[in-house]
Amino acid sequence: MNETNETNETNETNETNETNETNETNETNETNEIESKLRASLRILGPRSTAPHTTGTTGTTGTTGTTGTTGGAVGILHKELSYAITGAAIEVHKHLGPGQLESTYERALSKELGYRGIAHRCQVPITAYFKGDAVGEFCVDVIVEDKVILELKSVARVLPVHRSQVLSYLRATRLRLGLLINFHEPVLWRAIKRVVS
């Protein structure tokens, strides 16, 4: 009877050790995956540029960057450019934190995108059409490399109407990817939502 109990205890101990090793391996794999994504993002961003910005009627324009083709993986639209934008937004959030006005985040993000050599325009006027007739105009917060729309928020909670707003902007501009970024969140990467039309 004692041998049976000892065998059962040994089996349970072995199973527990295997489970712990599996969990540790999964955590290590997740950590390695996150680190590799961050490394790739940093490679994309490259060194800071001190390129000047020019201000026109449509807002601020940075210099043309080399990032942002359609990415490398199947199914993720503008993957590399999205990572570069996310890195710039995180840098802004790291310095300003939550609780600022949306316009403050927009100006800071414009500066950071410019430092990184990522072309962008701020407060871009877009004409709304109804059955072929112009019926109004609205402004998109930021358009990056004429590929990605950024809708910046500083709100307690992102609502479905905010996502609808990004979708409307995507339809009007005929772009396919928008990033809805809520700077009010304490951890920014959780507050960046991809919107694809």
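Check the entry above for the structure.
Rules of the game
- Residues numbered from 1 in each chain as written.
- Predicted model: local features only at pLDDT ≥ 70, side-chain atom pairs only at ≥ 80, totals over all residues.
- Heavy atoms only, no water.
- Helix = DSSP H or I, 4+ residues; strand = E, 2+ residues; numbered from the N terminus.
- Buried < 20%, exposed > 50% of the residue type's maximum accessible area, 1.4 Å probe, protein only.
- Contact = heavy atoms within 4.5 Å.
- Right-handed = clockwise from strand over helix to strand, strands pointing away.
- Pairing = 2+ DSSP bridges.
- Phe/Tyr/Trp six-rings, centres within 6.5 Å; stacked < 30°, edge-to-face > 60°.
- Axes fitted to C-alpha atoms, helices over the stretch in contact; angles between N-to-C directions.
- Parallel < 35°, antiparallel > 145°, perpendicular 65-115°, else oblique.
- Left-handed = near helix turned anticlockwise from the far one by under 90°.
- Nonpolar A, V, L, I, M, F, W, Y, C, P; charged D, E, K, R; others polar.
- Expected span 1.5 Å × (residues − 1).
- Core = buried A, V, L, I, M, F, W, Y, C linked by side-chain atoms within 4.5 Å.

1. Considering the overall build of the protein
Helix and strand counts for the protein come out as 4 helices and 7 strands. For the protein, the α and β elements follow one another from N to C terminus as α-β-β-α-α-β-β-β-α-β-β. Out of the 197 residues belonging to the protein, those deemed buried represent 36%. The long-range share in the protein, meaning contacts at least 24 apart out of those at least 6 apart in sequence, stands at 57%.

2. Regarding the pairing of strand 6 (residues 177-182)
Among the 6 residues that make up strand 6, 6 are buried, leaving the element largely enclosed by the rest of the structure. Side-chain alternation along strand 6 places Leu177, Leu179 and Ile181 on one buried face and Gly178, Leu180 and Asn182 on a second face that is also buried. For the crossover that starts at strand 5 (residues 148-153), traverses helix 4 (residues 160-173) and ends in the parallel strand 6, the hand is right-handed. As paired strands, strand 6 and strand 7 (residues 192-196) are joined by 5 bridges and run antiparallel to one another. Bridge pairing in strand 7 links Leu177 to Val196.

3. As for the packing of aromatic side chains
Using the criterion set out here, one finds 2 aromatic pairs in the structure. Between Phe138 and Tyr169, the ring centres sit 4.9 Å apart and the planes meet at 10 degrees, which makes this aromatic pair stacked. One end of the pair, Phe138, is in strand 4 (residues 133-144); the other, Tyr169, is in helix 4, with 31 residues separating them in the sequence.

4. A short note on the side chain of Ser82
Tracing the sequence through the fold places Ser82 in helix 2 (residues 79-96). Classification of Ser82 by relative accessible area gives buried; the value is 5%. Setting aside its immediate chain neighbours within four residues, Ser82 contacts Leu77, Leu177 and Arg194.

5. Side note on the packing of helix 2 against helix 3 (residues 102-115)
Interhelical geometry of helix 2 versus helix 3 gives an angle of 125 degrees and a closest axis separation of 9 Å. Considering the angle they form, helix 2 stands oblique to helix 3. Taken as a pair, helix 2 and helix 3 cross one another with a handedness that is right-handed. Across the interface between the two elements, Ala88, Ala89, Glu91, Val92 and Leu96 of helix 2 pack against Thr104, Tyr105, Ala108, Leu109, Glu112 and Leu113 of helix 3. Residue composition of the contact of helix 2 with helix 3, grouped by class: 8 nonpolar, 1 polar and 2 charged.

6. Comments concerning helix 3
Two residues of an α-helix separated by three or four positions point the same way, owing to the 3.6 residues in each turn. Taking 1.5 Å of rise per residue, the 14 residues of helix 3 would be expected to cover 20 Å, and the 20 Å separating its terminal C-alpha atoms lies within 8% of that figure. Among the residues making up helix 3, those that are buried are Tyr105, Glu106, Leu109, Ser110, Glu112, Leu113 and Gly114. Count one or two residues on from helix 3 and you reach Gly117, which has phi positive near 75 degrees.

7. As for the nonpolar core
Leu109, Leu113, Val144, Val148, Leu150, Ile181 and Phe183 are the most contacted members of the largest nonpolar core, which totals 24 residues. Of all the secondary structure elements, the ones that give two or more residues to this core are helix 2, helix 3, strand 4, strand 5 and strand 6. At 6 residues, the largest contribution of residues to this core is made by helix 2. Sequence-distant contacts of Leu109, that is, excluding residues within four places in its chain, are made with Ala88, Ala89, Val92, Leu150 and Leu152. Counting residues in each nonpolar core, the second largest holds 12 residues, with Val140, Tyr169, Leu170 and Leu180 among its members.

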